[in-house]
Amino acid sequence: MEAKRVYIETYGCQMNEHDTERILCLLERSCYFETKDAKEADFILINTCSVREKPEHKVYSALGRYKWLKEKRGAIIGVAGCVAQQEGNQLLDRVPYLDMVIGTHAIPMLPQLLQKIEVSGERVCETSFDRDKEYLKSILPQKPLDKVKSYVTIMQGCDHFCSYCIVPYVRGREQSRSSREIIGEVKHLSEMGVKEVCLLGQNVNSYGRGLEEAISFPELLSCINSIEGIERIRFTTSHPKDLSEELIQAFSKLKKLCEHFHLPFQSGSNKILKAMHRGYTKESYLEKIDRLKEVCPSIAVTADVIVGFPGEEEEDFKETLDLMEKVQFDDLFSFKYSPRKGTRAAQLQDKIEEKVKQERLSILQEFQKGITLRKNQELEDRVEEVLVEGQSKQSVQDVTGRTRSNKIVNFEGDLGLVGNLVPVQITKAYAHSLKGEITSAQGPSICKLQSMICNF
Ligand code: SAM
Ligand code: SF4
């Protein structure tokens, strides 16, 4: 089979990043190999996000950018992901040079669809939801990976229907993968050199619901904890309503589970939380955070928050700032509310002016910037375990990795350290990263370090 090239542009969350990885694995089997240069691609795929308006609009500008490659080289052009799922055939109508629209459940069909286009030149659209869970099956890498960490999807879709959110409509209803399938995938990744796995789902706390086997998310974590070769486990995302005591306890029991919890709160105002249909209050959220910090004092906490939801008054916004003050998040992902067609919130009347949304976002981000820097500074002089991931972007002499609490650390070292857990003394904290030095009592050479690394 003649080797061809695929170029994928990815927007949105980790789920989309992971879908792109799976698509690349799948296409390799059909002799399509990744290129980072769209100009030499035979197939250009835009993997889209529609959670907010801004990423959705990027799809159309990306398509415009690649039109000439269709005309000049006959490249096949496709759209995957949430926008594809949402728009379906309308996308083909709107963009005459588009060849393929492939929904969130249709990834396994990609090679056949691509072949169909190659043979017949027919334009294709596949957006049906797959109830047999074929789309959740493992698509495993065939050869060792040049990366030390990997995502593993444990469930797809969401049943929560928060009033602002498009996810349940574009990713479908919640479906968990069997533990056998997940464990098999993690073992395979470990054999391919992966040291850290991040388990993905819109609400991992409800993992296991609807499966024939009786298994909870903490039980799944415990199984993964015993897989040889895997050194670290992370997960995202959790819903505060379903965060169980059993999961909190897992942080004191499971050695490989990293001390980081991403727990989106969305708003600190009970009035807004109710309108968002989140199913918890500011007080119950704070209680869960207190409990997490009691069980695991070194835990880093991050979250998502939305400003400018319809009806959000100054008082409500202050409640959000107050919650931030109380929790002292290590980092925060903040968004302006973006109305999504078909969601309940899109019909609410009390819209907030764009200017006010922007002002609130800037105030909130400035406030968080100070907290993040202080939290990073707390780590100065401490020794942190760092999983080395590769060359630092800042200097060719430096490597980069992350602490168990998920903070980026850059420090001098050679690429032979990639994939190792290394003790690093933090020398300087910045807003988005830390600087450090490999450490030991004697101040060892790199060679001496190798033995220390294993015992750390
Ligand atoms: N399942 C996760 C949860 O329940 O928190 C989050 C999924 S969503 C892909 C990621 C984040 O996007 C949300 O936590 C929320 O802060 C933000 N988001 C979702 N819909 C939004 C909207 N319509 N406008 C602005 N931000 C939104
Ligand atoms: Fe969206 Fe809410 Fe589901 Fe998260 S829990 S994906 S915010 S509907």
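Quick notes on the rules
Residues numbered from 1 in each chain as written. Chains lettered and ligands numbered in written order. Predicted model: local features only at pLDDT ≥ 70, side-chain atom pairs only at ≥ 80, totals over all residues. Heavy atoms only, no water. Near = heavy atom within 4 Å. Polar contact = N/O pair within 3.5 Å; in protein donor to acceptor, adjacent residues only side chain to side chain. Helix = DSSP H or I, 4+ residues; strand = E, 2+ residues; numbered from the N terminus. Nonpolar A, V, L, I, M, F, W, Y, C, P; charged D, E, K, R; others polar. Pairing = 2+ DSSP bridges. Axes fitted to C-alpha atoms, helices over the stretch in contact; angles between N-to-C directions. Contact = heavy atoms within 4.5 Å. Phe/Tyr/Trp six-rings, centres within 6.5 Å; stacked < 30°, edge-to-face > 60°. Buried < 20%, exposed > 50% of the residue type's maximum accessible area, 1.4 Å probe, protein only. Lys NZ or Arg CZ within 6 Å of the ring centre and 35° of its normal. Parallel < 35°, antiparallel > 145°, perpendicular 65-115°, else oblique. Left-handed = near helix turned anticlockwise from the far one by under 90°.

Chemist: Would you mind showing me how to read the site of ligand 1 here?
Modeler: Neighbouring residues of ligand 1: 15 residues in total, closest Y164, Q202, Q266, D304 and S338. Contact between ligand 1 and Y164: a nitrogen atom at 3.0 Å from a main-chain N or O atom of the residue. At a separation of 2.7 Å, an oxygen atom of ligand 1 approaches a polar side-chain atom of Q266. Residue assignment for the shell around ligand 1 shows that the elements contributing at least two residues are strand 13 (300–307) and strand 14 (331–336). For the shell around ligand 1, the class distribution of residues is six nonpolar, four polar and five charged.

Chemist: Would you mind going over the sheet that holds strand 4 (residues 76–80) with me for this structure?
Modeler: In any sheet, the strands associate via hydrogen bonds between backbone groups, in a parallel or an antiparallel arrangement. Read across the sheet, six strands follow the order 2-1-3-4-5-6 without closing on themselves; strand pairing throughout is parallel. Bordering the open sheet on either side are strand 2 (32–34) and strand 6 (124–126), each of which pairs with just one other strand. Here the strands of the sheet are splayed against their neighbours by 20 degrees on average, with no regard to which way each runs. In the sheet, strand 1 (residues 4–10) pairs with strand 2 via three bridges, with the strands oriented parallel. Paired with V6 across the strands is E34, a residue of strand 2. Sheet contacts for helix 5 (residues 110–120): strand 1, strand 2, strand 3 (43–48), strand 4, strand 5 (100–102) and strand 6; angle to strand 5, the most-contacted strand, approximately 165 degrees.

Chemist: I keep staring at the packing of aromatic side chains and nothing clicks. Help me out?
Modeler: Each aromatic ring pair is characterised by the separation of its centres together with the angle its planes make. The full count for this structure, using the stated rule, is 12 aromatic pairs. Each ring, one from Y32 and one from F43, has its centre 6.2 Å from the other, and the planes form 75 degrees; the classification is edge-to-face. Taken together, the residues span a long stretch of sequence, with Y32 in strand 2 and F43 in strand 3 at a distance of 11 residues. Take Y32 and F43: they sit in the same class, and that class is buried. Above the face of the F335 ring, R52 is positioned so that its terminal group lies 3.8 Å from the ring centre. If you follow R94 out to its NZ or CZ, it ends over the ring of Y60, 4.1 Å from the centre.

Chemist: I tried to follow the packing of helix 11 (residues 282–295) against helix 12 (residues 314–327) on my own but got confused; where do I start?
Modeler: Two numbers describe a pair of packed helices, the interaxial angle and the distance between the axes. Two elements in contact, helix 11 and helix 12, have axes whose closest approach is 11 Å; the angle formed by their N-to-C orientations is 10 degrees. The orientation of helix 11 relative to helix 12 falls into the category roughly parallel. Crossing geometry of helix 11 relative to helix 12 is assigned as right-handed. Contacts between helix 11 and helix 12 pair K282, Y285, L286, I289 and K293 from the former with E319, D322, L323, K326 and V327 from the latter. By residue class, the composition of the contact of helix 11 with helix 12 is five nonpolar, no polar and five charged.

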